[in-house]
Amino acid sequence: MPLAFRITALAALLLCGALFGFFYAWVCSTMWGLDAAAPEVAIRAMQAMNASVRNALFFPAFFLTGPALLLAALLAWKSAQPRQVTMLLTLAGLTVLLGGTVLTMAVNVPMNEALALVSDAEIEADAAALWAAYSAPWQVWNQTRTAFTGLALAMAGAALLQARSIQDQ
């Protein structure tokens, strides 16, 4: 199995795991914790977290996972890996791009940007209604992107297992 394919596929798998884990943590702890807090605290905390996520450490997982999976698919194809390896990596890449990146940019980011514009006066006037209107739909879309990236992670892992099992034969 060519080294370039192995390195790229492993890096793509790790990026996909990081992205899935990031979204999953929001599902099973962060949002539950914010929902348990006072609405004004939850809003301000979410504003701060959304502002902090745009950083160099998050960039590779969010923006490079899909392309890395597609590059791994291309290298699998060029190195004559079995068709199912190439197809799984391609599907994983497209799943991350559409179900993770595009979904986030189309739904979660605009919701976050709208929340960022909420003023202190608005928070003080009706924090409970603001948080209720934000949290529930945001969580539905976050669970959706979590499911998509989890599926992509499973497909990428299956592709690597399939490539390895062929190599061992």
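Placed above this text is the structure.
Draft legend 1. Representation of the side chain of T149. Relative to the elements of secondary structure, T149 occurs in helix α5 (residues 120-168). Looking at T149, the relative accessible area reads 1%, which means it is buried. Beyond its immediate sequence surroundings of up to four residues, T149 is in contact with C16, L19, F20, F23 and G100.

Draft legend 2. Region of the structure containing the environment of L64. Looking at the secondary structure, you find L64 in helix α3 (residues 59-78). Sequence separation between L64 and G93 is 29 residues; the distance between their C-alpha atoms is 9.9 Å.

Draft legend 3. Region of the structure containing a nonpolar patch on the surface. Together, F59, F63, L64 and M105 line one region of the surface with nonpolar side chains, adding up to about 360 Å² of accessible area. Per-element tally for the nonpolar patch: the top contributor is α3, with three residues. Using a relative accessible area of 38% as the deciding quantity, one classes L64 as partly exposed.

Draft legend 4. Geometry of the pattern of salt bridges. Evaluated as defined, the whole model comprises two salt bridges. One salt bridge in this structure joins E113 and R54, with 3.5 Å as the shortest N-O distance. On the criterion of sequence distance, the pair formed by E113 in helix α4 (residues 83-116) and R54 in the loop between α2 (39-52) and α3 is long-range, its members being 59 residues apart. Relative accessible area serves as the criterion here: at 41%, E113 is assigned to the partly exposed category.

Draft legend 5. Region of interest: the layout of surface pockets. Taken as a whole, the largest pocket spans an internal volume of roughly 310 Å³. As for the largest pocket, its lining consists of 18 residues, of which V53, R54, F58, T104 and V109 are closest to the centre. Of all the secondary-structure elements, those providing two or more residues to the lining of the largest pocket are α1 (3-36), α3, α4 and α5. The element that contributes the greatest number of residues to the lining of the largest pocket is α4, accounting for five residues. Its residues assigned to classes, the lining of the largest pocket shows eleven nonpolar, five polar and two charged.

Draft legend 6. Spotlight on the packing of aromatic side chains. Scanning the model with the defined rule gives ten aromatic pairs in all. Relative to F62, the ring of F58 has its centre 5.5 Å away and its plane inclined at 25 degrees; by these criteria the two rings are stacked. F62 matches F58 in its accessibility class, with the two residues each being buried. Note on W131 and Y134: the rings are 5.4 Å apart at their centroids and 40 degrees apart in plane angle, and the pair reads as tilted. In this pair, W131 and Y134 are both assigned in helix α5, three residues apart and thus about one turn of the helix distant. For the pair W131 and Y134, a shared accessibility class is recorded, and that class is buried. Connected via pairs of aromatic rings, a cluster forms that spans F22, F23, W26, F58, F59, F62, F63, W131, Y134 and W138.

What counts and what doesn't
- Residues numbered from 1 in each chain as written.
- Predicted model: local features only at pLDDT ≥ 70, side-chain atom pairs only at ≥ 80, totals over all residues.
- Heavy atoms only, no water.
- Helix = DSSP H or I, 4+ residues; strand = E, 2+ residues; numbered from the N terminus.
- Buried < 20%, exposed > 50% of the residue type's maximum accessible area, 1.4 Å probe, protein only.
- Contact = heavy atoms within 4.5 Å.
- Patch = residues over 30% accessible without salt bridge, like charges linked within 9 Å, V, L, I, M, F, W, Y side chains within 5 Å.
- Areas by Shrake-Rupley, 256 points an atom, 1.4 Å probe, with all protein chains shown as cover.
- Salt bridge = Lys/Arg side-chain N within 4 Å of Asp/Glu carboxyl O.
- 1 Å grid on protein atoms, 1.4 Å probe; cavity = no way out; pocket = protein on both sides within 12 Å on 5 of 7 lines; lining within 4 Å.
- Points joined across faces, edges and corners; volume = space filled by probe spheres on them.
- Nonpolar A, V, L, I, M, F, W, Y, C, P; charged D, E, K, R; others polar.
- Phe/Tyr/Trp six-rings, centres within 6.5 Å; stacked < 30°, edge-to-face > 60°.

By themselves, these observations are geometric and do not establish any function.
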